[in-house]
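The lines below spell out each chain.
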Amino acid sequence: MPDITRAQLNAYLDDSLSDRETAVVEQALRDSEVLRRGLRAIMQERDRGEHSIGAIWRRQRLSCPPREQLGSYLLQVLDSDLQDYIEFHLKTIACPFCLANVTDLQALQQEAEPQTRKRRQRIFDSSHGYLSVCRDTTK
Ligand SMILES: [Zn+2]
């Protein structure tokens, strides 16, 4: 089994290894519970750490989008750049502040949902009726 150093694990987490090195680290992780535990410990340290970009952002909320943007993100009506950025902020940075906001907004949007569904159903019903009329005329 190749010896994986802490520096290599850090580089692995930073996604800065070559494909070959990444494969070696991943294989070693699969083979070794000790190594997996080591990786988890490094990830936890990073979460707590003062130096990770994620921690700095979380602490200062430098990059948090305003609540209106989070709402627009859920509706997927933003520019794709902004959409991507917010997705990164929520899924990769996992900003707890914004995730809480999004959960809240989702609940609000779900409350509004039955109305939207009713409207869609109406449109569907009317086009369905229209289609069956068309079909009837071809008989
Ligand atoms: Zn945020």
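Calculation notes
- Residues numbered from 1 in each chain as written.
- Predicted model: local features only at pLDDT ≥ 70, side-chain atom pairs only at ≥ 80, totals over all residues.
- Helix = DSSP H or I, 4+ residues; strand = E, 2+ residues; numbered from the N terminus.
- Buried ≥ 20, exposed ≤ 12 C-beta atoms within 10 Å, placed from the backbone.
- Contact = placed C-beta atoms within 7 Å.
- Axes fitted to C-alpha atoms, helices over the stretch in contact; angles between N-to-C directions.
- Left-handed = near helix turned anticlockwise from the far one by under 90°.
- Nonpolar A, V, L, I, M, F, W, Y, C, P; charged D, E, K, R; others polar.
- pLDDT = per-residue confidence, 0-100.
- Core = buried A, V, L, I, M, F, W, Y, C linked by C-beta atoms within 7 Å.

### Comments concerning the overall build of the protein chain
Within the protein chain, the secondary structure is distributed over seven helices and zero strands. Starting at the N terminus and ending at the C terminus, the protein chain contains elements arranged as α-α-α-α-α-α-α. Expressed as a percentage of its 139 residues, the buried residues of the protein chain come to 7%. Considering only intrachain contacts with a sequence separation of at least 6, the fraction spanning at least 24 residues in the protein chain is 55%.

### Details of the packing of helix H1 (residues 6-13) against helix H3 (residues 33-48)
Two elements in contact, H1 and H3, have axes separated by 10 Å at closest approach and are oriented at 65°. At the point where H1 passes H3, the crossing takes the right-handed sense. Within the contact between the two elements, H1 uses Arg-6, Leu-9, Asn-10 and Leu-13 and H3 uses Gly-38, Leu-39, Ile-42 and Met-43. Partitioning the contact of H1 with H3 into residue classes produces five nonpolar, two polar and one charged.

### A few points about the confidence of the model for the protein chain
Low pLDDT means the predicted atomic positions in that stretch should not be read closely. The predicted model of the protein chain has a mean per-residue pLDDT of 79, with 69% of residues at 70 or higher. Within the protein chain, the lowest mean pLDDT, 57, falls on helix H4 (residues 53-60), and the highest, 92, falls on helix H5 (residues 67-75).

### A short note on the nonpolar core
With five residues, the main nonpolar core is built from Leu-70, Tyr-73, Ile-86, Cys-95 and Cys-98. Aside from chain neighbours lying at most four places away, what touches Cys-98 is Cys-64, Pro-65, Leu-70, His-89 and Leu-90.

### Description of unusual backbone geometry
The residue Gln-76 is not glycine, and still its phi comes out positive at about 55°. For Gln-76, a count of 8 C-beta atoms within 10 Å corresponds to the exposed category. Located in the positive-phi region is Ala-94, a residue other than glycine, with phi close to 50°. By secondary structure assignment, the location of Ala-94 is in the loop between helix H6 (80-92) and helix H7 (96-137). Residue Ala-94 is classed as exposed on the basis of its 12 C-beta neighbours within 10 Å.

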